Amino acid sequence: MNDENQEQRAEKAALRSPLLMHLRNGKHRERISFALPGNNNGLLYPEFLKRDYLAFDLTELPVTEDLNDPGAALQAAEANAAACYGAADAIFVTLGSSVAIKAVIGGACGRQGTLLTALDVHKSALQAAELLDLGLLFLNLDVIENPEKLHDLLQKYPEVEAVYLTTPDFYGHCYDISKIARVLEKTKVLLIVDSAHGAHFPFGKELMPAGAIEQGADLVVCSAHKTLPAPTPTSIILIGKKLQEKRPDLDSRKIRKIAATFTSTSPPLMLGVGLDYAISYMDLYGYSATSELLQLVDKFISQLPAGLKRVEIGISSDSKDLPANRKSTTRPLHDPLRIVIDCADVCPGPVIVKDLMANKINPEMADLCRFVLIPHFGQTWSDFSRTLEVLNKLCAKYRQTSWPEDLRTENLRRLDRHYRHRLTVPSFSTKPYHPAACLNLAWHLDTKWVEIDQACNRHVAEALIPYPPGIPLLWPGDTLKLEDIELFKSLIGHSLNVHGTQIKDNKIYVPILASAADDFESTLEY
């Protein structure tokens, strides 16, 4: 041992590190990525940053910075970000948008407040409601698309502190939130937007949908690592310019303080460096990079093999074809850089994703009928061309395949319709829903794991969440229906992950409330 130098010791230690070797042997740099993160192996990073990145792994010292208590350098970086997004202030969060979402909801609602939310929200919003003991009221799509109805809803529920929406969603679908913002403008009710997948919008200007801040949102969360050349899991909280008028008690300092309660006392500074760089790069080159990438996407779509078609769809909305020519005089309401391919006429989505990965191409995700590709700024045509080559070969094989009945187009689309229907019908629509009850000891003591077929018409004790996209399909206390069971069995059978389930001996188990009666209505019963 004494004859070994430090490099030899380090190599020996690396060889016995399972996670390190798993990722190292995966040779991810040799794969084509249409998946997160947006930095794509540091594709747009300067060589010194890629080479010396660990040199920025620094603790909070007088000569460095503190993300929880910013000095001059961090203040300047955040001011640059705020200017890019047209916000009053910006806060760097280096431990994920899930932390940022808890912070903005906590700032707007406090403890035991009331939040008006859609159902198609990320599980971090459910976690925030659990931890903050919030009452949730659910918006349906009709109110979101016809905001004039929101005024009457707020009069009926004057205790509402904020409205919470997700736009864009995982598929790139956007709500027009400007009308909602105008309804809320003369009230103290805040508009919070999870814009995790829209961090790139402002840099593309008219080529991209309008950003949430531009449309009048008060508090916005953007996941920089999803679409910008930023490291995982960097995020930005954006403060709207009218927030202080509506809520003088709430400012960026208070939101930063709340964020600190949900995060580490030593947030990684080197991730803040990567986020700072990503914002600066996009500020300088974002428009041209967007234009160049859009040209590649359009070329790629125009050469898709027969049976595959690009569609516009939302988590909770119906699918419609997107024309190959996207030229328009108005700004799009769907992210033109989000490539959603409907493949159900050829094969199930999970099948084509598995086969693409076997060919060293990483898609972002699949549902039963589609797969999603997220292209990266700086990516070249060679990645798209190779993907087309593989897709043509795979589709030729699929056309010769006789699919079993459960994998045929009609059945896939039937289950997919049920998936989206689940996200448009509120389960608790007449009284506030209190997920904090799920943390009570009585709830845990009443939780029992059973085979999924034995759980029909029982109340689930945990959220059941297909992941990705991480949107709760059933919330704690929801009734598990026969159609839900069929859907979850299909998703899991295709190796799609469903949080809240367990697999033992090839059987699916779900947690139920053992003593909840058929007329169970409220988590407050616990």
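Residues numbered from 1 in each chain as written. Predicted model: local features only at pLDDT ≥ 70, side-chain atom pairs only at ≥ 80, totals over all residues. Heavy atoms only, no water.

A. Looking closely at the overall build of the protein. Summing up its helical and strand segments, the protein has 19 helices and 19 strands in all. The C-alpha radius of gyration of the protein comes to 24 Å, within 12% of the 24 Å expected for a compact globule of 526 residues. Projected onto its principal axes, the C-alpha coordinates of the protein cover approximately 70 × 65 × 65 Å. Considering the protein as a whole, with its 526 residues, one finds that 55% of them fall into the buried category. About 23,600 Å² of surface is accessible on the protein, with carbon and sulfur atoms providing 51% of the total. When the 56 basic and 65 acidic side-chain charges of the protein are each reduced to a single mean position, those positions are 3 Å apart. (Helix = DSSP H or I, 4+ residues; strand = E, 2+ residues; numbered from the N terminus. Rg over C-alpha atoms; globule rule 2.2 N^0.38 Å. Buried < 20%, exposed > 50% of the residue type's maximum accessible area, 1.4 Å probe, protein only. Areas by Shrake-Rupley, 256 points an atom, 1.4 Å probe, with all protein chains shown as cover. Lys, Arg positive; Asp, Glu negative; His and termini not counted. Charge placed at Lys NZ, Arg CZ, Asp CG, Glu CD.)

B. Looking closely at the nonpolar core. Among the nonpolar cores identified, the biggest contains 87 residues, and Y85, L191, L228, I352 and F371 are the most heavily contacted of them. A total of 13 residues in this core trace back to one element, the largest contributor, which is helix α14 (residues 269-302). Setting aside residues no more than four positions away along its own chain, I352 makes contact with L308, C343, C347, F371, L391, L394 and Y398. Core analysis: the next-biggest nonpolar cluster, separate from the first, contains 38 residues, F138, L243, I258 and A463 among them. (Core = buried A, V, L, I, M, F, W, Y, C linked by side-chain atoms within 4.5 Å. Contact = heavy atoms within 4.5 Å.)

C. Representation of the sheet that holds strand β7 (residues 219-222). Read across the open sheet, the 7 strands follow the order β2-β8-β7-β6-β5-β3-β4; overall the sheet is mixed. Both edges of this open sheet fall to β2 (89-93) and β4 (135-138), since each of them pairs with a single strand only. Within the sheet, the average angular offset between the axes of one strand and its neighbour, ignoring direction, is 20°. Direction of pairing for strand β6 (residues 190-194) relative to β7: parallel, over a ladder of 3 bridges. Bridge pairing links V193 to V220 in β7. (Pairing = 2+ DSSP bridges. Axes fitted to C-alpha atoms, helices over the stretch in contact; angles between N-to-C directions.)

D. Highlighting the pairing of β2. Counted residue by residue, β2 has 4 buried out of 5 residues, so it is predominantly covered. When β2 meets strand β8 (residues 235-239), the two strands line up antiparallel, connected through 5 bridges. Paired with A90 across the strands is L238, a residue of β8.

E. Molecular detail of the sheet that holds strand β18 (residues 502-504). Across the sheet, 3 strands lie side by side as β15-β19-β18; this open sheet has antiparallel pairing. Looking at strand neighbours, the two that pair on one side only are β15 (447-451) and β18, the edges of this open sheet. Adjacent strand axes in the sheet meet at a mean angle of 40°, parallel and antiparallel pairs treated alike. In this structure, β18 lies alongside strand β19 (residues 507-513), joined through 3 bridges in antiparallel fashion. Paired with I503 across the bridge in β19 is I508.

F. Main features of the pattern of salt bridges. All told, the structure shown has 24 salt bridges when counted by the stated rule. A salt bridge links K254 to D249; the shortest N-O distance between them is 3.9 Å. Among the charged side chains, a salt-bridge network with shared partners connects D367, R370, D416 and R420. (Salt bridge = Lys/Arg side-chain N within 4 Å of Asp/Glu carboxyl O.)

G. Here's a closer look at the state of the cysteines. Following the criterion strictly, the structure yields 0 disulfides and no others. Its sulfur unpaired, C84 is 12 Å from the next cysteine sulfur, which belongs to C222. With no disulfide of its own, C222 lies 12 Å from the sulfur of C174, the closest cysteine sulfur. (Disulfide = S-S within 2.5 Å.)

H. Here's a closer look at helix α15 (residues 349-358). The buried fraction of α15 is high, at 7 of 10 residues. Looking only at α15, the buried set comprises G349, P350, V351, I352, V353, D355 and L356. At its buried positions, α15 is contacted by β12 (361-363), β13 (365-366), β14 (370-373) and α16 (381-399). Immediately beyond the C-terminal end of α15, within one or two residues, lies K360, with a positive phi of roughly 65°.

I. Structural view of the packing of aromatic side chains. Enumeration over the complete set of coordinates arrives at 11 aromatic pairs. With a centroid separation of 6.1 Å and 50° between ring planes, the pair formed by Y398 and W403 is classed as tilted. Overall, the relative accessible area of 18% leaves W403 in the buried class. When the centroid spacing of 5.9 Å and the interplanar angle of 70° are considered together, the rings of Y433 and W475 count as edge-to-face. Placement of the pair is Y433 in the loop between α17 (409-422) and α18 (441-445) and W475 in the loop between β16 (465-467) and α19 (482-493), with a sequence separation of 42 residues. (Phe/Tyr/Trp six-rings, centres within 6.5 Å; stacked < 30°, edge-to-face > 60°.)

J. Looking closely at unusual backbone geometry. Going from L36 to P37, the amide bond is cis rather than trans, its omega being 0°. Structurally, the position occupied by P37 is in the loop between β1 (32-34) and α3 (47-51). Across the junction of P468 and P469, the peptide omega takes the value 10°, indicating a cis bond. Tracing the backbone shows P469 in the loop between β16 and α19.

K. Quick peek at the packing of α17 against α19. At a closest axis distance of 10 Å, the pairing of α17 and α19 adopts a crossing angle of 115°. By crossing handedness, the relation of α17 to α19 is classed as left-handed. Between α17 and α19, the residues in contact are N411, R414, L415, H418, Y419 and R422 and E483, D484, E486, L487, S490 and L491, respectively. Broken down by class, the residue content of the contact of α17 with α19 amounts to 4 nonpolar, 3 polar and 5 charged. (Left-handed = near helix turned anticlockwise from the far one by under 90°. Nonpolar A, V, L, I, M, F, W, Y, C, P; charged D, E, K, R; others polar.)

L. Inspection of the side chain of N362 at higher detail. Within the secondary structure, N362 is located in strand β12. Overall, the relative accessible area of 15% leaves N362 in the buried class. If sequence neighbours within four positions are ignored, N362 has contacts with R31, I32, S33, F34, A35 and M357.

M. Region of the structure containing the side chain of E65. Here E65 lies in the loop between α3 and α4 (72-85). Buried and without a salt bridge, E65 has R256 as its closest oppositely charged side chain, separated by 8.3 Å. Here the side chain of E65 touches A73 through a polar contact of 3.1 Å, landing on its backbone nitrogen. A distance of 2.9 Å separates a polar atom in the side chain of E65 from the backbone nitrogen of L74. Residues contacting E65, with those up to four places away along its chain left out, are T59, E60, P70, G71, A72, A73, L74 and L269. (Polar contact = N/O pair within 3.5 Å; in protein donor to acceptor, adjacent residues only side chain to side chain.)

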